[in-house]
Every structure is written in C-alpha cells, then in structure tokens.
Amino acid sequence: MTNTAILAATKTKFLFVFTSIFIYLSPIHVILFLIGLAVSLDTLAGRWCAKHLAKRAKKDVRLVVTSKKTRQGLVSKMLTYQIAIISLFILDKYVLNDIINYFMSNFTVDFIITKFMGIVFLWIEFDSFDEKYYLVKGKRLKTIIGEKIKSIKRLIFSVKKLGNENQN
C-alpha cells in the first residue's frame, strides 16, 4: 500500500468518525454554538475590561492583557462547558429522558436537563459579561435592558391608548 492510499484511507475514516459525531450531537448543535459564542464574547469583554482597568491603574496594558492568559481562560472554560453539555446530553438521551417520560407521559420536551444547563451556562456568561461592563462603564446591562423594556412597554401602552381614543 502506498503512502497516498494510506493517507486517503485515514482521511476517509476520520471524516466518517467526525460526521458520525456531528450527526449524533445534532440535537444540541444550537446549544453548543450559543455557549461557545457566549464564552467567546465574555472573553473579549474580559480583555476589554482588563485593558481599561490597566489604563486606569497606569499599568502597561501589554503586561496585564496577554494572549496566553486569554487563550488559557477561553480554552479551559470552553472545554469545560462543552464537555459538560455533551455529557449531560448523553445522560439525558439514554437515562433521564426515559425516566421523565415514564413519570410524565405528557411532557414533550426532550433533553430538558441538557437545555436547562445550557441556559444556566448562558446566564453565567451573561452575568460575567454584565460584571465586566459595569467595571468599565459603571452601569449594569441588566438595568439598561430593564429600562429599555419599560420604555417600549410605555410606548406600546401610549400607542394603544391613542388608538382607543381615535376610535371613540
């Protein structure tokens, strides 16, 4: 067998394994993507916050914010969250779904524990992002979002009230 044939056979086997894993995890692709996106955004926010705090403290930004620290934090958090979600998915698929369906036959949400933990991880990342935003800007994103929602509610209420007055 030539080196080219061995390389082609190895490539084919690798693609088969990769495709099989990809298809197996297809029910949680969106969760994995959202968690990866949230971790990445939080990491970028961490770099942004560290730069601002270093400038405030009159420290050299290049010594405080390094790619090595960023990479280590990103990779460890990403691997931890993704492995936890995949492990929960496997547990959910083979054990928990059957137990939940046995006791609650009308319950139609599959992989509920996986989805719940995905939401928990997303909330943790949002909270971390919010904390970094607060350190730099002095205002919480949760407060800003709450204020925007209240103003939209007031606008909708005013439009409805105006529409009701015009009908009368």
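Residues numbered from 1 in each chain as written. Predicted model: local features only at pLDDT ≥ 70, side-chain atom pairs only at ≥ 80, totals over all residues. Heavy atoms only, no water.

### A word on the overall build of the protein
Each helix and strand in the protein was counted, giving six helices and zero strands. Counting from the amino terminus, helix and strand elements in the protein follow one another as α-α-α-α-α-α. In terms of overall size, the protein is more extended than a compact globule, its C-alpha atoms giving a radius of gyration of 24 Å where 168 residues would be expected to give roughly 15 Å. Overall, the C-alpha framework of the protein stretches about 85 × 60 × 30 Å when taken along its three principal axes. By the burial criterion, 20% of the 168 residues in the protein qualify as buried. Of the contacts made within the protein by residues no fewer than 6 positions apart, 63% connect residues no fewer than 24 positions apart. (Helix = DSSP H or I, 4+ residues; strand = E, 2+ residues; numbered from the N terminus. Rg over C-alpha atoms; globule rule 2.2 N^0.38 Å. Buried < 20%, exposed > 50% of the residue type's maximum accessible area, 1.4 Å probe, protein only. Contact = heavy atoms within 4.5 Å.)

### Quick look at the nonpolar core
Grouped together as the largest cluster of nonpolar side chains are 11 residues: Leu25, Ile28, Ile31, Leu32, Ile35, Val39, Tyr81, Ile85, Phe89, Phe111 and Phe121. Put simply, the parts of the chain that give this core at least two residues each are α2 (29–56) and α4 (67–103). With four residues, α2 is the single largest residue contributor to this core. The residues contacting Ile31, other than those within four sequence positions of it, are Ile85, Thr114, Lys115 and Gly118. (Core = buried A, V, L, I, M, F, W, Y, C linked by side-chain atoms within 4.5 Å.)

### Overview of the packing of helix α5 (residues 112–137) against helix α6 (residues 141–167)
Where α5 contacts α6, the two axes come as close as 8 Å, and the packing angle between them is 100 degrees. When the axes of α5 and α6 are compared, the pair comes out roughly perpendicular. On α6, the residues that touch Trp123, Phe126, Asp127, Phe129, Asp130 and Tyr133 of α5 are Leu141, Lys142, Ile144 and Ile145. Tallied by class, the residues present in the contact of α5 with α6 amount to seven nonpolar, no polar and three charged. (Axes fitted to C-alpha atoms, helices over the stretch in contact; angles between N-to-C directions. Parallel < 35°, antiparallel > 145°, perpendicular 65-115°, else oblique. Nonpolar A, V, L, I, M, F, W, Y, C, P; charged D, E, K, R; others polar.)

### Some thoughts on the environment of Lys51
One can find Lys51 in helix α2. Since its relative accessible area comes to 34%, Lys51 is described here as partly exposed. Remark: the alpha-carbon pair of Lys51 and Val64, spanning 13 residues in sequence, is separated by 7.5 Å.

### Topic: the packing of aromatic side chains
This model, assessed by the stated rule, comprises eight aromatic pairs. Ring centres 6.3 Å apart and planes at 20 degrees place the aromatic pair Phe14 and Phe18 in the stacked group. In this pair, Phe14 and Phe18 are both assigned in helix α1 (residues 3–24), four residues apart and thus about one turn of the helix distant. Ring geometry for Tyr24 versus Phe89: centroids 5.6 Å apart, planes at 70 degrees, classification edge-to-face. Remark: Phe89 occurs in helix α4 and Tyr24 occurs in helix α1; sequence separation between them is 65 residues. By relative accessible area, which is 28% here, Tyr24 ends up partly exposed. Clustering of aromatic rings is evident, with ring pairs tying together Phe14, Phe18 and Phe22. (Phe/Tyr/Trp six-rings, centres within 6.5 Å; stacked < 30°, edge-to-face > 60°.)

### Here's the deal with α5
Relative to the 38 Å expected for 26 residues at 1.5 Å per residue, α5 spans 36 Å between its end C-alpha atoms, a close match to the ideal helical length. Buried positions along α5 lie against α2, α4 and α6. Residue Gly138 follows α5 closely and has a positive phi angle near 85 degrees. (Expected span 1.5 Å × (residues − 1).)

### What to know about the packing of α2 against α4
Close contact between α2 and α4 brings their axes to 10 Å; oriented N to C, the two are set at 155 degrees. On the basis of the axis angle, α2 is roughly antiparallel to α4. Handedness of the α2/α4 crossing: right-handed. Across from Ile31, Leu32, Ile35, Gly36, Val39, Ser40, Asp42, Thr43 and Arg47 in α2, the residues of α4 making contact are Ser67, Thr70, Leu74, Lys77, Met78, Tyr81, Gln82, Ile85 and Ile86. Among the residues forming the contact of α2 with α4, the class breakdown is nine nonpolar, six polar and three charged. (Left-handed = near helix turned anticlockwise from the far one by under 90°.)

### Here's the deal with the side chain of Asp92
As for its position among the elements, Asp92 is in helix α4. Look past the residues within four positions of Asp92 in its chain and what remains in contact with it is Asn97, Phe111, Ile112, Ile113 and Thr114.

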